[in-house]
Amino acid sequence: MRAGIAVLPGDGIGPEVVAEARRVLAAVADRWGHAFTLREALIGGAAIDATGTALPDETLEISRAADAVLLGAVGGPKWDDPRGKVRPEQGLLAIRKGLGLYANMRPVAVTPKLAHASPLRPDLLAGVDLVVVRELTGGIYFGQKVREKDHASDLCLYTVPEVERIVRTAARLARGRRKKLTSVDKANVLETSRLWREVTERVMKQEFPDVALSHMLVDACAMHLIRKPADFDVIVTENMFGDILTDEASMLAGSMGMLPSASLGDGKRGLYEPIHGSAPDIAGKGIANPYATILSVAMLLRHSLELETEARAIEAAVGKAIDRGVLTGDLAAAGTKAASTEAAGDAVLEALRQS
Ligand code: NAD
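What this report covers is the structure whose coordinates are included nearby.

What counts, and where the lines are drawn
- Residues numbered from 1 in each chain as written.
- Predicted model: local features only at pLDDT ≥ 70, side-chain atom pairs only at ≥ 80, totals over all residues.
- Heavy atoms only, no water.
- Helix = DSSP H or I, 4+ residues; strand = E, 2+ residues; numbered from the N terminus.
- Buried < 20%, exposed > 50% of the residue type's maximum accessible area, 1.4 Å probe, protein only.
- Contact = heavy atoms within 4.5 Å.
- Phe/Tyr/Trp six-rings, centres within 6.5 Å; stacked < 30°, edge-to-face > 60°.
- Lys NZ or Arg CZ within 6 Å of the ring centre and 35° of its normal.
- Core = buried A, V, L, I, M, F, W, Y, C linked by side-chain atoms within 4.5 Å.
- Domains from an automatic or database assignment.
- 1 Å grid on protein atoms, 1.4 Å probe; cavity = no way out; pocket = protein on both sides within 12 Å on 5 of 7 lines; lining within 4 Å.
- Points joined across faces, edges and corners; volume = space filled by probe spheres on them.
- Nonpolar A, V, L, I, M, F, W, Y, C, P; charged D, E, K, R; others polar.

1. Here's the deal with the side chain of Ser118
Along the chain, Ser118 falls in the loop between β4 (103–109) and α5 (122–125). In this structure Ser118 comes out as buried when scored by relative accessible area, which is 8%. Contacts of Ser118, omitting those with residues within four sequence positions, involve Leu125, Met251, Leu252 and Gly254.

And the structure:
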């Protein structure tokens, strides 16, 4: 197949982990006879330095013209002034909005070999394989903000179509997995949550009767994620609850360096990135974990290009590299030698060749 992929390395360790992901994409193209055209563009701090804005028009145009976008990470101390007019994160918000990406998907699967890296007991982690689908462009983060001398408010607003489309995205995903959807809200207190629950009930009953739906209050969900994480299949939730629960869920896997993500809209085009940031503390040292970015490539192939075989091959190759003990510093057990970013990429390529 022919496909165009926009590559936005960003800042800090972004370019280092993206370099390994590019090698994996090239190996997949070679092995399965695809022609991927990669176009690199600036985002975040690197874009601010070069053009004065975190998302140059050219980057958005290249991304819009592509079938999928692969992103590293943005940000760093150089651009950290919270009062600064232009900030690297503006690039992220602008590209999500510019591409109409309203559904953020974060899978969390725990590899037994890495159980030591998680703060939870290994017996709690056995069989964990869940995906959190977070609404990305609505809710309290985007509602009207008011600041007066003695009070402040943030409006939380959701429309029926906004809830319908995210529930459909999550339900379609659940349908291809264990057919269990948990919708998370705060319907005992919030009106937006009561609307969310009503709409979710209707969409699931009418369009996804084969997927088992349950509702959970966000506080209970925060507890269950730690107590019985293996019970979850797909979780769907609004923007702020999703923001918090995804960070909590990421700790199940032990390191942020393991977790990929996808942001999707109505069409096939999506934005794929590791969940971690630009890790300025280790940038430039060649020791960052590239697995989350390589696993983001697998999600890209699956969701935007419908190349399921290739996606699974990458996931299996990362699993093999880990089983072989090729672990970067964030994963390696204390006292063991850590692999470099490049060595981790080499191990994935080697496993792909042997698959
Ligand atoms: P971070 O995710 O960059 O780092 C947190 C810790 O995890 C650090 O100790 C880091 O070394 C480690 N870490 C992260 N990714 C790793 C990897 N692949 N391999 C090994 N270790 C890894 O979060 P932070 O320190 O809070 O933020 C740093 C910068 O990144 C800030 O400017 C922040 O705004 C930005 N940020 C960007 C994104 C994004 O681009 N999506 C997300 C979060 C934070």
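Having seen the structure, we can now continue with the description.
2. Describing the packing of aromatic side chains
Applying the stated rule across the entire model yields one aromatic pair. Aromatic side chains Tyr158 and Trp196 sit 5.6 Å apart centroid to centroid with 75 degrees between the ring planes, which places their arrangement in the edge-to-face category. With Tyr158 in the loop between β7 (152–154) and α6 (160–175) and Trp196 in helix α7 (residues 191–207), the pair connects residues that are 38 residues apart, well separated along the chain. The buried category is assigned to Tyr158, whose relative accessible area is 7%. Owing to a relative accessible area of 2%, Trp196 belongs among the buried residues under this scheme. The residue whose ring lies beneath Arg31 is Trp32, and the NZ or CZ to ring-centre distance is 4.5 Å.

3. Here's the deal with the nonpolar core
Ranked by size, the top nonpolar core spans 67 residues in total, and within it Phe36, Val133, Tyr291 and Leu301 carry the most contacts. Both domains that meet at this core, namely domain 1 (1–102 + 259–355) and domain 2 (119–252), each give it at least three residues. If we ignore the near neighbours within four places in the chain, the residues touching Val133 are Asn104, Met105, Ile166, Ala170, Leu173, Val234, Ile235, Val236 and Thr237. Core analysis: the second largest hydrophobic core is formed by 22 residues, Val108, Leu125, Met216 and Leu225 among them.

4. Concerning the layout of surface pockets
The volume enclosed by the largest pocket comes to roughly 1,200 Å³. Residue lining of the largest pocket: 39 residues in total, with Pro107, Arg177, Arg302, His303 and Glu315 positioned closest to the centre. For the lining of the largest pocket, the secondary structure elements donating two or more residues are β4, β5 (129–135), α6, β11 (260–264), α10 (291–303) and α11 (308–323). For the lining of the largest pocket, the element with the highest residue contribution is α11, accounting for seven residues. Its residues placed into classes, the lining of the largest pocket shows 21 nonpolar, seven polar and eleven charged. Residues lining the lining of the largest pocket come from more than one domain, with at least three contributed by each of domain 1 (1–102 + 259–355) and domain 2 (119–252). A volume near 600 Å³ is recorded for the second largest pocket.

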